[in-house]
Amino acid sequence: MTKYTTDEEKKEAQRLRSKQHYEKHKNDPEFRKKRQEISSKYYQNNRERMNEKQKEYYHNKEEYRKDKIKKTKQRYAENPELRAEQNDRCKIRYWEKKAKFLEFEKILLEKGCIHVDFE
């Protein structure tokens with residue numbers, strides 16, 4: 001006859017026992033040392049897998065970026081008016097950001113946050 005009727009009850013009881021064990025031994029230096037060794041072994045064993053995942057993610061991201069650039073160039077080649085329109089939008093956005101930056105810089109100068117020596 002089993003003590004627990006469902007897996008959830010069993011997991012909950014295991015969590016409770018683990019927590020009690022931790023609370024009982026958390027100030028024990030031997031327990032801390034053993035726990036640190038276990039965690040460092042875990043990270044060492046899984047480091048290679050994590051590096052592979054990062055490389056795969058970067059590779060997929062790089063492929064996506066190259067594909068996006070290729071599609072954009074193709075779209076611009078097919079429709080030169082679109083390129084001119086996009087360039088105009090970019091210029092407008094650039095000058096708007098530049099104006100906001102200069103405005104912010106002016107406020108900082110007035111408040112005395114930035115000190116400039118004019119020689």
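If you're wondering where the values come from, they're calculated on a predicted model, not measured in any experiment.

### Quick word on the overall build of the protein
Across its full length, the protein holds three helices and zero strands. Taken against the 2.2 N^0.38 rule, which gives 14 Å for 119 residues, the C-alpha radius of gyration of the protein at 30 Å runs more than 25% over that of a compact globule. Viewed in the frame of its principal axes, the protein has a C-alpha envelope of about 80 × 50 × 30 Å. Counting every position in the protein, which comprises 119 residues, the buried fraction comes to 3%. Element-wise, carbon and sulfur atoms account for 52% of the exposed surface of the protein, whose accessible area totals about 12500 Å². In the protein, the 34 positive side-chain charges and the 24 negative ones have mean positions that sit 5 Å from each other.

### Notes on the packing of aromatic side chains
The description of two aromatic rings rests on the distance between their centres and on the angle between their planes. Counted under the stated rule, the structure contains two aromatic pairs. Between tyrosine 22 and phenylalanine 31, the aromatic rings sit 6.3 Å apart at their centres with planes inclined by 55°, giving tilted as the arrangement. According to the relative accessible area criterion, tyrosine 22 is partly exposed, its value standing at 35%. Aromatic side chains tyrosine 94 and tryptophan 95 sit 4.9 Å apart centroid to centroid with 80° between the ring planes, which places their arrangement in the edge-to-face category. Its relative accessible area of 47% is what places tyrosine 94 among the partly exposed residues. Positioned over the ring face of tyrosine 76 is arginine 75, at 6.0 Å from the centre of the ring.

### Thoughts on a nonpolar patch on the surface
Among the surface-exposed residues, Leu109, Ile114 and Val116 lie close enough to one another that they form a single nonpolar patch of about 200 Å² accessible area. As for its placement among the helices and strands, leucine 109 is situated in helix α3 (residues 80-111).

### With respect to the side chain of asparagine 46
Along the chain, the position of asparagine 46 falls in helix α2 (residues 29-78). The buried category is assigned to asparagine 46, whose relative accessible area is 15%.

### Re the packing of α2 against α3
Contact geometry of α2 with α3 gives a least axis separation of 5 Å together with a crossing angle of 115°. By the angle between their directions, the pair α2 and α3 is classed as roughly perpendicular. Contacts from Arg75, Tyr76, Ala77 and Glu78 in α2 reach Pro80, Leu82, Arg83 and Gln86 in α3. Residue classes in the contact of α2 with α3 are distributed as four nonpolar, one polar and three charged.

### Considerations on the confidence of the model for the protein
Confidence along the protein averages 89 in pLDDT terms, with 97% of residues attaining 70 or more. Confidence, read as mean pLDDT per element, is least for α2 in the protein (89) and greatest for α3 (93).

### Quick look at α2
In a regular helix each residue adds 1.5 Å, so 50 residues correspond to 74 Å; α2 covers 70 Å between its end C-alpha atoms and thus fits that length. Most pronounced at arginine 47, the bend in α2 amounts to some 40°. Burial in α2 covers these residues: Phe31, Asn46 and Tyr76. Taken together, the buried residues of α2 touch α1 (7-25) and α3.

What counts and what doesn't
Residues numbered from 1 in each chain as written. Predicted model: local features only at pLDDT ≥ 70, side-chain atom pairs only at ≥ 80, totals over all residues. Heavy atoms only, no water. Helix = DSSP H or I, 4+ residues; strand = E, 2+ residues; numbered from the N terminus. Rg over C-alpha atoms; globule rule 2.2 N^0.38 Å. Buried < 20%, exposed > 50% of the residue type's maximum accessible area, 1.4 Å probe, protein only. Areas by Shrake-Rupley, 256 points an atom, 1.4 Å probe, with all protein chains shown as cover. Lys, Arg positive; Asp, Glu negative; His and termini not counted. Charge placed at Lys NZ, Arg CZ, Asp CG, Glu CD. Phe/Tyr/Trp six-rings, centres within 6.5 Å; stacked < 30°, edge-to-face > 60°. Lys NZ or Arg CZ within 6 Å of the ring centre and 35° of its normal. Patch = residues over 30% accessible without salt bridge, like charges linked within 9 Å, V, L, I, M, F, W, Y side chains within 5 Å. Salt bridge = Lys/Arg side-chain N within 4 Å of Asp/Glu carboxyl O. Axes fitted to C-alpha atoms, helices over the stretch in contact; angles between N-to-C directions. Parallel < 35°, antiparallel > 145°, perpendicular 65-115°, else oblique. Contact = heavy atoms within 4.5 Å. Nonpolar A, V, L, I, M, F, W, Y, C, P; charged D, E, K, R; others polar. pLDDT = per-residue confidence, 0-100. Expected span 1.5 Å × (residues − 1). Bend = angle between axes of the 7 residues up to and from the residue.

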